[in-house]
Amino acid sequence: MPFTRINSKMVEAQVVPGQRLFSQRGAMLAYRGQVAFTPNVQGGRGGIGSMIGRRLAGEAAPLMTVEGHGSVMFGHGGHDVHCVDLTGDTLYVEADRLLAFDGSLRQGTMFMGSQGGVMGVIRGQVTGQGLFTTTLQGHGAVAVMAHGGVIELPITPQRPVHVDPQAYVAHRGDVRNKLSTALGWRDMVGRGSGEAFQLELSGQGTVYVQASEEKL
């Protein structure tokens, strides 16, 4: 169920009987046809276990289920929208960046600290980002939100990418992450964002970076 880009801040999806999609609550701007919107209590295709894991992680974003026959336009807060098409792989994305996604995708949660160790905990405590990141896996489309648009940066074994944690939107591929510090502890006291912290992504894949360090 691909999304059609209307402009930089709006996308449209065709809804057909027997298929569904999920969106952030309040993201529906307009629709045509016979379309129903209901609060989601299943946590996506990942089921109740996924939902519980996301809530314990503080990563759960309020979702609604969209079903019926027609077309729906999505946007939220005037944020820029970027579309990602998955072909069997996994997208790792901050929950508050999700605008809408195909209901066929399997939804889960990954503990970022499991790759970053202690630095993963620092990422959550100091930068304000969650320790858990939503995962979407399978074949389908995802629409994510960002400030000022999104750029896709390739990650290769020879060229890892360093990203400001608050500019990070999502990544895909065989990628490892860890939080590193560009400055000493003395320089980081009292700092909640900025270049004192860098999210290092290494391996093979793609990272999606927004053009602003502002949080949604």
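Data block above holds the structure.
A quick note: this is a predicted structure, and the numbers were derived from the prediction, not measured. (Residues numbered from 1 in each chain as written. Predicted model: local features only at pLDDT ≥ 70, side-chain atom pairs only at ≥ 80, totals over all residues. Heavy atoms only, no water.)

**Examining the overall build of the protein**
Stated precisely, the cut-off is as follows: Strands are runs of DSSP state E lasting at least 2 residues, helices are runs of H or I lasting at least 4, and numbering of each runs from the N terminus. Each residue gets one of three labels from its accessible area relative to the maximum for its type: buried under 20%, exposed over 50%, partly exposed in between, using a 1.4 Å probe on protein chains only. Contact criterion: two residues are considered in contact whenever any of their non-hydrogen atoms come within 4.5 Å of each other. Surface accessibility follows the Shrake-Rupley procedure with a 1.4 Å probe radius. Residue values consider only the protein chains on display as shielding.
On a plain count of helices and strands, the protein comes out with four helices and 13 strands. Considering the protein as a whole, with its 216 residues, one finds that 51% of them fall into the buried category. Across the protein, the fraction of contacts at a sequence separation of at least 24, relative to all contacts at a separation of at least 6, is 82%. Approximately 10000 Å² of the protein is accessible, and the part contributed by carbon and sulfur atoms is 52%.

**Here's the deal with the pattern of salt bridges**
Side-chain pairs of opposite charge can arise where the charged atoms are in close proximity. What counts, and what does not: When a carboxyl oxygen of Asp or Glu lies within 4 Å of a side-chain nitrogen of Lys or Arg, that pair is called a salt bridge.
Overall, the coordinates contain four salt bridges when judged by the stated rule. We note a salt bridge from Arg172 to Asp89, for which the minimum N-O separation is 2.7 Å. Of the two residues, Arg172 is situated in strand β12 (residues 168–181) and Asp89 in strand β6 (residues 80–93); the sequence distance between them amounts to 83 residues.

**Focus: the pairing of strand β3 (residues 20–24)**
Defined as follows: DSSP-based pairing: two strands are paired if at least 2 bridges between them are found.
The element β3 is extensively covered by neighbouring structure, given that four of its five residues are classed as buried. Relative to strand β5 (residues 63–74), β3 is paired through five bridges, and the arrangement is antiparallel. Of the residues in β5, the one forming a bridge with Phe22 is Thr65.

**A closer look at the environment of Leu91**
Relative to the elements of secondary structure, Leu91 occurs in strand β6. The class for Leu91 is buried, based on a relative accessible area of 0%. For the pair Leu91 and Thr134, spaced 43 residues apart in sequence, the C-alpha separation works out to 8.1 Å.

**Some thoughts on the packing of aromatic side chains**
So the rule is basically this: Only the six-membered ring of Trp is used, alongside the rings of Phe and Tyr, when aromatic pairs are assigned; centres must lie within 6.5 Å, and planes under 30 degrees apart are stacked while those over 60 apart are edge-to-face, with the rest tilted.
One pass over the structure, following the stated rule, counts two aromatic pairs. For the ring pair Phe22 and Phe101, a centre distance of 5.5 Å and an interplane angle of 35° mean the geometry is tilted. Here Phe22 is found in strand β3, whereas its partner Phe101 is found in strand β7 (residues 98–102), with 79 residues between them in sequence. Under the relative-accessibility criterion, Phe22 is labelled buried at 0%.

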